[in-house]
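# Structural overview
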Amino acid sequence: MDRGPANGSPVVHGYPHLETARAAVTALYRRMSADGIRQYDTSVAPADVAFADDDDLHLGVQRVARALVQQLHLPDARIIVSFHEMEHAASVELTAGPEYFIDLNDRFRTHRRDIGAALAHEITHVLLHRLGLSFPGTRDNEILTDTVTTYLGAGWLLLDAFREDRDSSQKLGYLTPEEFGYVLAKRAIVFNEDPGIWFTSPQGYTAYTKGKAQALRDEQQPPLTTAGWSGRHRYAKDRRYALDHPRESGDAGRPYAFETLPDGLRVSFPCPTCHQRIRVPVRGRVRARCQLCHTVLDCDT
């Protein structure tokens, strides 16, 4: 039995799970391939998961569940949803299929606008089960689930379920709001989307803009030519040190690392798209192609 997203207060902010989320993106590319991920080029539409107060509860849940099954490209997976008193927001029972059973917290009977978010997380558990993709430990596996939900076009619902004011707060999922925004922005860069127009939660939109700024910083790290002056200056100093001290190694907290090989100095750095490490020779302007996600990068090494 996999547990669904947890609610809690106060809401944690910032990027405490960022490296795990990045590892989840890498693992997703390795399992599905770049071509497989490109099949998820359109996010689930708000109209397909909207839930009005006067909709029939069970018919509406089935409609939203079907939309999310289609979004996550799950063929022949019938989702049976029921409501119970429970500690967590939702849970899913993973079996051999063809039916999957999801339990939702009773509070969703009256908080219907967030049913899509809870279902998105649980149905992604079904997808990961079918893919045979998991991380060790409950915490990391739930972060993997949140990340994959978001990267494949359904996780904006989880961020839109985030609401916070002076007196109360609500958040679904294990990623922080800013981390959800970060992963959502990484997807938006790949597929040229603008998810900001889908938000009904002002706090969710703010978290997305913060996460987007963090995601854009990934695109501006040396040795990429898009790096700013200060990054380029620091990189040049580190490169000189690596040339003068070939027996020493270490990244000194930098995203890049130098390595001295018989044929000369090389630098490795994470791909800004999938975070797979790329290694290129240090010889000025070079163009690198990530073998995992196929992103082409202009570098000044």
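Here the structure is shown first, and the text comes after it.
In this report, the structure presented in the accompanying data block is examined. Note that this is a predicted model, so its numbers are computed, not measured.

Turning our eyes to something else, we now look at the overall build of the protein. In terms of helices and strands, the protein carries nine helices and eleven strands. Radius of gyration (C-alpha) of the protein: 21 Å, near the 19 Å computed for a compact globule of 301 residues. When burial is assessed residue by residue, the protein has 50% of its 301 residues classed as buried. For the protein, the proportion of contacts with a sequence separation of at least 24, taken over those separated by at least 6, is 60%. In the form shown here, the protein has an accessible surface area of approximately 14400 Å², with 49% of it arising from carbon and sulfur atoms.

Every second residue of strand β9 (residues 277–281) is oriented toward a common face, the buried set being Ile 278 and Val 280 and the non-buried set Arg 277, Arg 279 and Pro 281. Here strand β8 (residues 264–270) runs beside β9; their pairing, made up of five bridges, is antiparallel. Considered in β9, the bridge of Arg 266 is made with Pro 281. Remark: six residues form the turn of the hairpin made by β8 and β9, two consecutive strands paired antiparallel; His 275 in that turn has positive phi of roughly 70°.

Next up on the list: empty space enclosed by the protein. Per the stated rule, a full pass over the model turns up one cavity of 30 Å³ or more. By volume, the largest cavity amounts to about 30 Å³.

Every α-helix winds through 3.6 residues per turn, so residues three or four apart in the chain are directed the same way. Its 21 residues give helix α1 (residues 18–38) an end-to-end C-alpha distance of only 23 Å, which falls more than 12% under 30 Å, the value for a rise of 1.5 Å per residue. Maximal helix bending in α1 amounts to about 90°, located at Met 32.

Assignment of secondary structure puts Glu 193 in the loop between α7 (177–191) and α8 (202–218). Looking at Glu 193, the relative accessible area reads 18%, which means it is buried.

What follows covers the pattern of salt bridges. Counted according to the given criterion, the structure contains 15 salt bridges. Salt-bridge contacts for Asp 106 lead to Arg 109; the nearest nitrogen and oxygen are separated by 2.9 Å. Here Arg 109 falls in the partly exposed class, since its relative accessible area comes to 36%. Several salt bridges converge on common partners, so that one network encompasses Glu 19, Arg 22, Lys 186 and Asp 218.

Further remarks concern helix α5 (residues 138–151). An ideal rise of 1.5 Å per residue puts 20 Å on 14 residues; α5 measures up with 20 Å between its terminal C-alpha atoms. Backbone geometry just after α5 places Gly 153 at a positive phi near 100°.

Definitions and cut-offs
- Residues numbered from 1 in each chain as written.
- Predicted model: local features only at pLDDT ≥ 70, side-chain atom pairs only at ≥ 80, totals over all residues.
- Heavy atoms only, no water.
- Helix = DSSP H or I, 4+ residues; strand = E, 2+ residues; numbered from the N terminus.
- Rg over C-alpha atoms; globule rule 2.2 N^0.38 Å.
- Buried < 20%, exposed > 50% of the residue type's maximum accessible area, 1.4 Å probe, protein only.
- Contact = heavy atoms within 4.5 Å.
- Areas by Shrake-Rupley, 256 points an atom, 1.4 Å probe, with all protein chains shown as cover.
- Pairing = 2+ DSSP bridges.
- 1 Å grid on protein atoms, 1.4 Å probe; cavity = no way out; pocket = protein on both sides within 12 Å on 5 of 7 lines; lining within 4 Å.
- Points joined across faces, edges and corners; volume = space filled by probe spheres on them.
- Expected span 1.5 Å × (residues − 1).
- Bend = angle between axes of the 7 residues up to and from the residue.
- Salt bridge = Lys/Arg side-chain N within 4 Å of Asp/Glu carboxyl O.

Spatial relationships are all this shows, so hold off on functional conclusions.
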